[in-house]
Amino acid sequence: MTVSLVRRPTEGAAIAAASRSPRTLPPVPVILADLLAAHARGDRHGVNLCAHLAVRAAEKKVGEQ
């Protein structure tokens, strides 16, 4: 039995609107606290997400010294 996906036109509009708005990152200490909490709970997906978010928040922007 195959299930066809239902197209939701508002989903595409929401994704487009979210990609146009700036997304600020939380401070690195907050991200690292969440990383430790996820690790303590054994949440591998949460650890992965927090680790990648910490790198994005800590890296220098283009053109900064």
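Please refer to the structure higher up on the page.
Everything numeric here is computed off the predicted structure, so don't read it as measured data.

**Q** How would you sum up helix H2 (residues 28-41)? Please name residues and give values.
**A** Over its 14 residues, H2 extends 20 Å from the first C-alpha to the last, a length consistent with the 20 Å expected when each residue adds 1.5 Å. Gly42 lies just past H2 and shows a positive phi near 75°.

**Q** Give me the packing of H2 against helix H3 (residues 44-58): which residues, what numbers.
**A** At a minimum axis distance of 8 Å, the contact between H2 and H3 shows a crossing angle of 165°. Considering the angle they form, H2 stands roughly antiparallel to H3. Crossing geometry of H2 relative to H3 is assigned as left-handed. Each of Val28, Ile31, Leu32, Asp34, Leu35, Ala38 and His39 in H2 lies in contact with H3, whose residues at this interface are Gly46, Val47, Cys50, Ala51, Leu53, Ala54, Ala57 and Ala58. For the contact of H2 with H3, the residue count by class is 12 nonpolar, two polar and one charged.

About the thresholds
- Residues numbered from 1 in each chain as written.
- Predicted model: local features only at pLDDT ≥ 70, side-chain atom pairs only at ≥ 80, totals over all residues.
- Heavy atoms only, no water.
- Helix = DSSP H or I, 4+ residues; strand = E, 2+ residues; numbered from the N terminus.
- Expected span 1.5 Å × (residues − 1).
- Axes fitted to C-alpha atoms, helices over the stretch in contact; angles between N-to-C directions.
- Parallel < 35°, antiparallel > 145°, perpendicular 65-115°, else oblique.
- Left-handed = near helix turned anticlockwise from the far one by under 90°.
- Contact = heavy atoms within 4.5 Å.
- Nonpolar A, V, L, I, M, F, W, Y, C, P; charged D, E, K, R; others polar.

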